[in-house]
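Report on the structure
Single-letter residue listing:
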Amino acid sequence: MVRKTRAAVHSSVRRRRGDPLHVVIVSDNAETLDGLQEYLQRAGVTAHVTRHLRAPVLDGAAISAIVLFPDDYPLAEVEAAVERITRDRPGVLPLLVTRNPRGFAALATGGGARHLLTIIPKPAWGWTILDTIRARVVEV
């Protein structure tokens, strides 16, 4: 039996074997929302979209990951949303897709569940986002 180190266990989000991936996409760009949602759904992922950082869909019980495009929003609102997600939803993978990864790197440091935050630099294609989610959300 392979044993995971403590760091390996904490660097991934768990879901029950056989449960489908449920992803919420947050962007203020309709093309981004539609395109990524369509790609993920074709890949068998349940994908919901919203333009609001405080949308009720972000509190759904079955969410595996939240894909956030932070460049569309004021920095303070993004920071508050990421802080809320990592505090209130430790079993959800927050994934930021941004033109400015260094500008959001501070969100990925620190204590608590924040180390689960993943940042992908733009341009990012659907398969890159999906592969990252699949790599970080493991079945148990």
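Right, let's walk through the structure included here. Since we're looking at a predicted model, the values are computed, not measured. (Residues numbered from 1 in each chain as written. Predicted model: local features only at pLDDT ≥ 70, side-chain atom pairs only at ≥ 80, totals over all residues. Heavy atoms only, no water.)

**Observations regarding the nonpolar core**
Val23, Ile25, Leu40, Val67, Leu95, Ile129 and Ile133 are the most contacted members of the largest nonpolar core, which totals 19 residues. Within the residue set of this core, elements represented by two or more residues are strand S2 (22-26), helix H2 (30-42), strand S4 (65-68), strand S5 (93-98) and helix H5 (126-136). Every residue in contact with Ile129, bar those within four places of it in the chain, is listed here: Leu36, Val67, Phe69, Leu95, Val97, Ile120 and Ala124. Core analysis: the second largest hydrophobic core is formed by 16 residues, Val24, Ile63, Tyr73 and Leu117 among them. (Core = buried A, V, L, I, M, F, W, Y, C linked by side-chain atoms within 4.5 Å. Buried < 20%, exposed > 50% of the residue type's maximum accessible area, 1.4 Å probe, protein only. Helix = DSSP H or I, 4+ residues; strand = E, 2+ residues; numbered from the N terminus. Contact = heavy atoms within 4.5 Å.)

**Focus on the pattern of salt bridges**
Where charged atoms from two side chains of opposite charge come close, those side chains can pair. Under the counting rule described, the total for this entry stands at four salt bridges. Two residues, Asp28 and Arg51, come together in a salt bridge whose shortest N-O distance is 3.5 Å. Pair noted here: Asp28 is in the loop between S2 and H2 and Arg51 is in the loop between strand S3 (46-50) and S4, with a separation of 23 residues, a long-range link. The class for Arg51 is partly exposed, based on a relative accessible area of 35%. Asp88 is the salt-bridge partner of Arg87, the closest N and O atoms lying 2.9 Å from each other. Its relative accessible area of 52% is what places Arg87 among the exposed residues. Since its relative accessible area comes to 45%, Asp88 is described here as partly exposed. (Salt bridge = Lys/Arg side-chain N within 4 Å of Asp/Glu carboxyl O.)

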